[in-house]
Amino acid sequence: MSIAVFGSVNVDVTAYAERLPKPGETIHGTSYLTGLGGKGANQAAAAARLGSQVAMIGRIGTDGFGELARRELAAFGVELEHLLADAGSATGIAVIGVDARGENVITVIAGANHDVSSTDSARAATVLDHAKVLLLQLEVPVAANIAAAARVRAGGGMVVLDPAPAPAGGLPAELIAAVDIITPNETETAALTGSAPGNPAEGLAAARALKARGLTAAIVKLGRQGACVSGPDGDHHILPFAVTAIDTVAAGDCFNGGLAHALERGLPMREAVRFACACGALATTKKGAAAAAPTLAEVEALLARG
């Protein structure tokens, strides 16, 4: 398997409205969607839609939401042999609000994701031991992530961590030592470094500081300002792509799925991050989470357009 994703699988319930409600306020929305979500599932779907071979490792419940999640992941072409249906837990869900500008707020209930452990990485040893790229997030326990990363690194693979949701106390040293690339957004960068980058210069400084912790590369995602990377081929600001955003849910996940796809195919870091930026940008032009993942043809067209 070229890409393994170890992490969360949720079902998203997304409500759209002109604006997000204030605390204690009820407002009328315009529409809603129910579909596949969870940072792990989103990243798996994004990489698979681009044409990569992808295996999803994690847990769902034996409920209707679990059946929905499995069905939708299968439709993307994700390999699901190591997605465990856990009768003792409910499938994770995310309740999402999206405003007319595409901004969002999200509440996640972990469910079965909370029970993911090192036993899940042991179950999936045949996949992890041969994966070229492993995608991790922080919606499953850290110890489980470390165990999965150790298997992939031992087999010569590359480990990419999306540090979301970022823990208030920062990342454990053991986790940083287990990964090669880290990809925080502005909020997560603030949690990890103490300062949120407000512009590309600050993004580059943050990327350099994170890379200095022993990583191969650090990529700071700046949304509408592109991305900053400090990696083996130097420090670069990748310019944003001009698109009309309607929904930013899962844009970061599509970025990471695109990054894994590009790295697995051997692109240099700068080119891989530019490819990932195009994936993230295109995701904002569609509603939904995993459903917003772009195709390879769409990404290549945007890259050619510049």
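Asks: Residue-level account of the state of the cysteines, with values.
Replies: Counted according to the given criterion, the structure contains zero disulfides. Of all cysteine sulfurs, the one in C279 lies closest to C254, which takes part in no disulfide; the gap is 7.3 Å. This cysteine, C277, is not joined by any disulfide, and C228 carries the nearest cysteine sulfur, 9.2 Å off. On the basis of relative accessibility, which here comes to 10%, the residue C277 falls in the buried class.

Asks: Describe helix 2 (residues 64-76), with residues and values.
Replies: Over its 13 residues, helix 2 extends 19 Å from the first C-alpha to the last, a length consistent with the 18 Å expected when each residue adds 1.5 Å. Among the residues making up helix 2, those that are buried are G66, L68, A69, L73 and F76. Down the axis of helix 2, the smallest arc covering the buried residues is 160°, so these residues share one side. Residues E67, R71 and A75 are exposed on helix 2 and point more than 90 degrees away from its buried face.

Asks: Outline the sheet that holds strand 12 (residues 227-231), supporting the account with residue identities and numerical values.
Replies: Each strand in a sheet pairs with another by means of backbone hydrogen bonds, the pair being arranged parallel or else antiparallel. Read from one edge to the other, the open sheet built from nine strands follows the order 5-4-1-8-9-10-11-12-13, with strand pairing classed as mixed. Whereas interior strands pair on both sides, the edge strands pair on one side only; in this sheet they are strand 5 (83-86) and strand 13 (234-238). The pairing of strand 9 (residues 158-161) with strand 10 (residues 181-182) spans two bridges and is parallel. Following the sheet pairing, V160 is matched in strand 10 by I181. Sheet contacts for helix 1 (residues 39-49): strand 1 (3-6), strand 4 (54-61) and strand 8 (133-136); angle to strand 4, the most-contacted strand, approximately 150°.

Asks: Tell me about the side chain of T284, and name the residues and values.
Replies: You can see T284 is positioned in the loop between helix 10 (269-283) and helix 11 (296-305). Once residues lying within four places of it in the same chain are set aside, the contact partners of T284 are V243, T244, A245, I246, D247, T248 and A251.

Asks: Mind laying out the packing of helix 10 against helix 11, listing which residues take part and the relevant values?
Replies: Interaxial distance between helix 10 and helix 11 falls to 9 Å at its minimum, and their mutual angle equals 110°. Considered as vectors, helix 10 and helix 11 are oriented roughly perpendicular to each other. Considering only the axes of helix 10 and helix 11, their crossing is right-handed. Between helix 10 and helix 11, the residues in contact are R274, F275, A278, C279, A281 and L282 and L296, E298, V299, L302 and L303, respectively.

The rules behind each value
- Every residue gets a number counted from 1 within its own chain, in the order that chain's sequence is written.
- Confidence filtering applies because this is a predicted model: local features only for residues at pLDDT of at least 70, side-chain atom pairs given and counted only at 80 or more, and all residues used for totals across whole chains, interfaces and linings.
- Each side-chain value is derived from all of the structure's non-hydrogen atoms; neither hydrogens nor water enter the calculation.
- Disulfides are defined as pairs of cysteine sulfur atoms found within 2.5 Å of each other.
- Classification of residues uses two cut-offs on accessible area relative to the type maximum, computed with a 1.4 Å probe and protein chains only: under 20% is buried, over 50% is exposed, and between them is partly exposed.
- Counting from the N terminus, the helices are the DSSP runs of H or I reaching at least four residues and the strands are the DSSP runs of E reaching at least two.
- The span expected for a helix works out to 1.5 Å for each residue beyond the first.
- The directions from the helix axis to the C-beta atoms are what the arc is built from.
- By the convention used here, strands pair only if DSSP detects at least 2 bridges between them.
- Pairs of residues are marked as contacts when any of their non-hydrogen atoms sit within 4.5 Å.
- The axes used here are C-alpha line fits, helices contributing only the stretch in contact, and every angle between their N-to-C directions lies in the interval 0 to 180 degrees.
- Roughly parallel refers to an angle under 35 degrees, roughly antiparallel to one over 145, roughly perpendicular to one between 65 and 115, and oblique to any angle outside these ranges.
- Should the near helix be turned counterclockwise from the far one by less than a right angle, the crossing is left-handed, whereas a clockwise turn marks it as right-handed.

By themselves these figures say nothing about function.
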